[in-house]
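Chain and residue survey
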Amino acid sequence: MLAPVCLVSGPLIWFTHFTLLYGGHTAFCAIGARGIHLLVIAATIAAGLLLATAAVASLRALRATARTRELSRGQRFQHQAALLVAGLSAVAVAWVGITATVVPACS
Amino acid sequence: MSATDQICKPSEGLPNDAPRPPGEREALLRIWAIPRGWRRLSAVNNMVVGPVYLGTAFLFFLMAGLLALLMRVQLAVGDNTFVGQDLYNQLFTMHGTTMMFLFAVPAIEALGMMLLPQMFAARDLPFPRLSAFAVWTYIIGGLVFFSTILYDLAPRGGWFMYPPLTLTEYSPGDSADFWLLGIGFIEISAIAGAVEIVIGILRTRPPGMSLDRMPILAWSMLIFAGMIIFAFPAVILATMMLEIERSFGWPFFSTAKGGDSLLWQHLFWFFGHPEVYIIFLPAAGMVSMIVPTMARTPLVGYRLIVVALIATGFFSFGLWVHHMFTTGIPALSLAFFSAASMAVAIPAGLQVFAWIATIAAGRERFRIATPSLFVLGFLFIFTIGGLTGVMVAVVPFDLQVHDSYFVVAHFHYVLIGGMVFPLLATVYYWAPMVSHRMLSERLGRSVFWLMFAGFHVAFFPMHIMGLMGMPRRVWTYPAGIGWDTLNTISTAGAFVLAAGVVIFLVDLALLSRRERAPANPWDAGTLEWLPADVYSTRSIPHVTSREPLWDQPNLVREVEDGRHYLPNAPTGTRETIVTGPVDAEPEYVLRLTGPGWNHVLAAVFTAACFLLLTVKLVVPAAVCGVLAIVACLAWAWQLDPGPEKGRVHIGAGLHLPSYATGPSSHAGLAMVVLMLVSASLYLAYVFSYLYLWTVSPQVWASGAPLLPDLGWPIGMTALLLVGWGAFSLARPALAWTGTLRHLTPLLSLVGALCLVAATVGEIASHWLAGLRPTDSAYGAMVYLGSVLAAQVMIAVLIMAGFTAARYFAGKLDLGRRLPFDSTATLARYGVGQSLAGLALIHAFPRLVG
């Protein structure tokens, strides 16, 4: 994965997850549909998996460069930062997603 | 070791030999000379424009502060009649608006313009006239806007201007229009500044300054500018919609016709909450520069701070509804935003702990001087503001204190603590860099203690007032209900705070009388403390660490001796080195624009156009609009110098091109940033469309039968694709020989006309189908989509005409095609946006029935 994309992939996944939850909840309530809690849980698991994938991609790039030094200094930094950003994003995704287990929908 | 380190290993010698040939420094002085007398208005050097920008922002701070004192006098005792209710409404509206739009964001951008080129030892930022344009529009527009308070014309709707209060029915006259048009176009100035900052940070760093060696202030400025690019378009769209509703009756916010006043709150706070972080993050960046210097040790947790900045920048976009907890939004949605509001405390906390750790890790005792006092004051005040922020992020608590003085206390702790204190630390810290003189330590300490004490006396009681039930924005209250004493204390505190500001002014006024300070009085490690002149540093250093002045002990002498990069002016014009965005390897030499008048005229006419519109003088406004476009075109005519200077030597055997075009050039990157702004604006529109559909689906149901026949969108799609194809063919046509080459301007014009025709056709299709924008929120949204498309397409048409003129003037060919590349890029974006718009307008209502 390109290093600059990697750097913001965590927050982008968080933002997509957040938009999906808020937009989905609003739309579900508008049309009177049920099952928003399932959507929240599914989206949160999906976002978690995507974040894990992004983190693994950065980790692999860093391990590979430890052997071959194919990445430049700036790119290595981007991957290191991307790992940490993905971790913070995971906390935020989980924190937002967990609300669906305690708060009722459309009320 | 970075790629650039491999180009020039410091151990193997420096990029250039010494002594340098005679006359180099004189040539630099001549080329970078600042115009004198009244011609100084045409200057574009960052160290001229930046201080003017900062000075104007500070002037607005003083004036808005004065309004605050008037409010505090009014509230000092119950049943006071010092000012009337109507004037009080104007005072709080102008105070908030001025502090947020005319002081905070401009002050940060001004610091970016001043400090970034010095931190990068760049000769200037990449678009000096754009910076100057942004400054002049801001100064003219800001002063006219602020003066409305003197003529009883100031807006009265609060700094967030909520409808329905600000609709024509409840706010007749022009006062709300001054806010909508005045602030709307000042936001354009902020975006221009943000474009400059983004490209400056990504492309004008010195060789060797890879991303991990970038000063934290540059990181925070990058995030700040990125946030402006994504946040400001939402409020620009909102101001457009409210102004259109006030002027033409398109019912975006009128419930009776399917609009919703809450839409304004969504759009406003989608900008408004990130705005807090837009202000705070650069201030935190400044603190991250001052703390290591005062602690005499590198910043602890550099990576973590970068991560915190990125995360805060993103997370802040998920908090806007926490200003709307009491508006009846479903509980689960509130929970999402409440959770996000708490999550953002983690990266903010990371930074606080990193600063504390740096202070603790210092090799010597933390140096206590005026800048460090303001930093410590910031840490204390901002932490309290952050904690009350977590409190109001809790929905049940917010329901109790919403619109009370508790919230006033909270956001003043965040904004004054998080921005004003770091700003004053910055002024005391960096004053010697700008003026070569130090502000008084004795007066500085007085300023700090008066402001620190005055601030707490003024604002801490407001927490209690809020908990006692005192609402915001009330012009008076009955005496004897228990609020008098706290209000009197608060007013006294406000005057103590103001006394601190007055002493600061005295200190500034005495600055020119002080003795010259050493070049690096704080013994800091970053490049802005290198000796500099109007041309910035004598040569552009090769950087091998985050604190080059600490780790490269001979750097000052080497740079002064011209032994690093570009010690001369090989093209004979203003120039700087453009480096790669990640590893800062030298790529090409950018020839910069010098002083001029076109950007000044463009700013004057742009401001005049908007302000005349405010008072409904449509014809003079249109004339000024046309003159502004003419001035912009005259300005743009000088922007593509062409490759005739060839490659130039900058040192270390590097011969770089003196010209670049295409998507990877600084101009290409600027176009990408501009398209991100447009895309953000359009996404805000899509959100608004879908939001109003969820609120008033019955309006969409009644609107759907008015949808034009499917042949219309299919025809428009065909026109858009033909336009795309014309621009795609125009580029290779430049390589053709003979008269075939003339196809380039012809195809560009044909392509642009197709795009304009598609937009006109889209409007006509709805009109012929019987839909009117004043009928319903649905009709208004449909036509607004076309308005947004028309903005882009008309810009493409003007640029295509400009490209054709360049071609026939012999200034456009295969190797020199910057205007064409920019036009084609914008045209492709326009096609993409219009296709998305056609799908939304024609397919969505059919799909949802």
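One can find the structure itself at the top, above this paragraph.
The sections below set out a description of the structure shown in this document. (Residues numbered from 1 in each chain as written. Chains lettered and ligands numbered in written order. Predicted model: local features only at pLDDT ≥ 70, side-chain atom pairs only at ≥ 80, totals over all residues. Heavy atoms only, no water.)

Side note on the environment of B:Tyr429
All names here are of chain B.
- Structurally, the position occupied by Tyr429 is in helix H14 (residues 405–435).
- Sequence separation between Tyr429 and Thr526 is 97 residues; the distance between their C-alpha atoms is 13 Å.
- Apart from residues no more than four positions distant in its own chain, Tyr429 is found in contact with Met289, Ile290, Thr293, Met294, Pro371, Trp522, Ala524 and Trp529. (Helix = DSSP H or I, 4+ residues; strand = E, 2+ residues; numbered from the N terminus. Contact = heavy atoms within 4.5 Å.)

As for the packing of aromatic side chains
All names here are of chain B.
- Tallying each qualifying case throughout the model produces 70 aromatic pairs over all chains.
- Measuring from ring centre to ring centre gives 5.7 Å for Phe60 and Tyr138, while their planes differ by 65 degrees; the resulting arrangement is edge-to-face. Of this pair, Phe60 sits in helix H3 (residues 46–75) while Tyr138 is found in helix H5 (residues 128–147), placing the two residues 78 residues apart along the sequence.
- Classification of Phe60 by relative accessible area gives buried; the value is 0%.
- Here Tyr138 falls in the buried class, since its relative accessible area comes to 1%.
- Ring centres 5.8 Å apart and planes at 50 degrees place the aromatic pair Tyr428 and Phe504 in the tilted group. In this pair, Tyr428 sits in helix H14 while Phe504 sits in helix H16 (residues 484–509), placing the two residues 76 residues apart along the sequence.
- Positioned above the aromatic ring of Tyr302, the side-chain terminus of Arg546 is 3.6 Å from the ring centre.
- One residue, Arg806, lies across the ring of Trp637, its end atom 4.9 Å from the ring centre. (Phe/Tyr/Trp six-rings, centres within 6.5 Å; stacked < 30°, edge-to-face > 60°. Buried < 20%, exposed > 50% of the residue type's maximum accessible area, 1.4 Å probe, protein only. Lys NZ or Arg CZ within 6 Å of the ring centre and 35° of its normal.)

Here's the deal with the interface of chain A and chain B
- Opposite the 39 residues of chain A that make contact, chain B presents 40 residues.
- Together, the buried faces of chain A and chain B total about 3,400 Å²; carbon and sulfur atoms form 80% of this surface.
- Together, A:Tyr22, A:Arg73 and A:Phe77 form the three largest contributors to the area buried by chain A at its contact with chain B, with a combined 23%.
- Our enumeration of links across chain A and chain B arrives at one salt bridge. (Buried area = accessible area lost by both parts, 1.4 Å probe. Salt bridge = Lys/Arg side-chain N within 4 Å of Asp/Glu carboxyl O.)

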